[in-house]
Amino acid sequence: MTHADQECILVLQGGGALGAYQAGVFEALSTVYREPTWVAGISIGAINAALIAGNPENSRVARLREFWELLSSSLVSPALAAPANATARQALNEASAAQVMLFGVPGFFLPRFPPAPLQPQGTPEAISYYDTAPLKQTLERLVDFDRINAGPVRLSVGAVNIRTGNFEYFDSATQRIDVRHIMASGALPPGFAPVEIDGEHYWDGGLVSNTPLQYVLDQPARQRRVVFQVDLFPARGALPATLAEVTEREKDIRYSSRTRLNTTMELDRQMIAQAAQRLIAKLPPALRNDPDVRALSRVRSEHAVEVVHLIYRSKHYESQSKDYEFSRLSMLEHWATGRADTAHTLHDPRWLGREHSACGVHVYDLSSDSPSST
């Protein structure tokens, strides 16, 4: 299915091991809908985005699968069979997460030895528990950075400047991207050391904003946009009943996106821009050179934006360790869920029968029981 009059954008949130859900989303998206022209990501979303933008169209899913199979290779559940009940499955997940904390993740990170408190003060080893050198090697093997910087898919990843505390985006539309920019976006402290780029040091972008939707909406549009936003932490949830559930819910709230806030702000901006253009058209010619009028004329009126919201919703046996539980069984479940949610959304009559307006922001969350549209 082709849509030459639309720009397809994929927005990927951070969320560690849950990132396999995004890989499943992409697999279904590229099969049912189309390949994206722009991918923006934070943390694990930045890694998935680099794997997509840094490979040719016919090998992107294979590269994503190779990456996720590598990460889950040391935590293959027996016969890939889920335990008979939720209690047993939760215990298996917690054991897998404990193994990650003790031994790291293949192709991603390894524990430092000696541990950080015993390392020389002021060194990267003293301010992080894990060494991400394996991730650098993995990215350099699986990602073609020349393709990212010259290819058809735009890549944007976010990180936080430690010195200034400001959020920054590295964008292939304006600068050359290399492995440092991807690793900086995923350098979550105190697990991982900051990444140095041109004299500045960066941490994981999720410390400030775990979703790059606002950055995407802030960029000038050449045509209609369809934005597939893939979140790994739900903003909504029930009141916790245990301390373990408190920890999980706190993490969900901290890292969830604010899609409704972002889209409402964009809708307000578009309405103001359109009103400004109508007002200027009503003014007599003598007033149109007024400095205030010229300032208003620069407020751009954007094309319509459709935001398709896909959210991973935790299984009842998953806990606060869900973002660092890298077992093969969980990885396959996350991937399959992302694929199923996307296929369901793209075949939903409310999506297929939607009207294409010339302006405005329209939000679709069709994988949940309560679809929304603005």
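- The name recorded for the protein in an unreviewed UniProt entry is Patatin-like phospholipase family protein, from Polaromonas aquatica.

## Describing the packing of helix α1 (residues 20-33) against helix α12 (residues 328-347)
- Viewed as axis vectors pointing N to C, α1 and α12 meet at an angle of 35°, and their least axial separation amounts to 6 Å. Viewed along their axes, α1 and α12 form a crossing whose handedness is right-handed. Counted together, A20, Y21, A23, G24, V25, E27, A28, L29, V32 and Y33 of α1 and M331, H334, W335, T337, G338, R339, D341, T342, A343, L346 and H347 of α12 form the full contact between these two elements.
- In terms of residue class, the contact of α1 with α12 is made up of twelve nonpolar, six polar and three charged.

## Some remarks on the packing of aromatic side chains
- Applying the stated criterion across every chain, the model contains 16 aromatic pairs.
- Where F108 meets F192, the ring centres are 5.9 Å apart and the plane angle is 45°; that geometry is what we call tilted. Of this pair, F108 sits in the loop between α4 (86-103) and β3 (110-111) while F192 sits in the loop between α7 (179-185) and β7 (195-197), placing them 84 residues apart in sequence. Comparing F108 with F192, the two get one shared label, buried.
- With centroids separated by 6.1 Å and ring planes inclined at 90°, the aromatic side chains of F108 and F326 adopt a geometry described as edge-to-face. One end of the pair, F108, is in the loop between α4 and β3; the other, F326, is in the loop between β10 (305-311) and α12, and 218 residues separate them in sequence.

## Some remarks on the pairing of strand β5 (residues 154-161)
- Across the eight residues that make up β5, a large majority, eight, are buried.
- Covered by surrounding structure in β5 are R154, S156, G158 and V160 together with L155, V157, A159 and N161, the residues of both alternating faces.
- Bridging between strand β2 (residues 38-42) and β5 involves five bridges; their strand directions are parallel. Each bridged residue has a counterpart across the sheet, and for V39 the counterpart in β5 is L155.
- Across five bridges, β5 lies against strand β6 (residues 167-171) in antiparallel orientation.

## Some words on the nonpolar core
- Of all hydrophobic cores here, the largest spans 67 residues; its most connected members are W68, F108 and F228.
- The element best represented in this core is helix α2 (residues 44-53), accounting for eight residues.
- Setting aside its immediate chain neighbours within four residues, F108 contacts I44, I47, L71, D131, T132, P134, L135, F192 and F326.
- Residues I9, L213, Y215 and V307 belong to the second largest nonpolar core, which totals 15 residues.

Cut-offs used in this document
Residues numbered from 1 in each chain as written. Predicted model: local features only at pLDDT ≥ 70, side-chain atom pairs only at ≥ 80, totals over all residues. Heavy atoms only, no water. Axes fitted to C-alpha atoms, helices over the stretch in contact; angles between N-to-C directions. Helix = DSSP H or I, 4+ residues; strand = E, 2+ residues; numbered from the N terminus. Left-handed = near helix turned anticlockwise from the far one by under 90°. Contact = heavy atoms within 4.5 Å. Nonpolar A, V, L, I, M, F, W, Y, C, P; charged D, E, K, R; others polar. Phe/Tyr/Trp six-rings, centres within 6.5 Å; stacked < 30°, edge-to-face > 60°. Buried < 20%, exposed > 50% of the residue type's maximum accessible area, 1.4 Å probe, protein only. Pairing = 2+ DSSP bridges. Core = buried A, V, L, I, M, F, W, Y, C linked by side-chain atoms within 4.5 Å.

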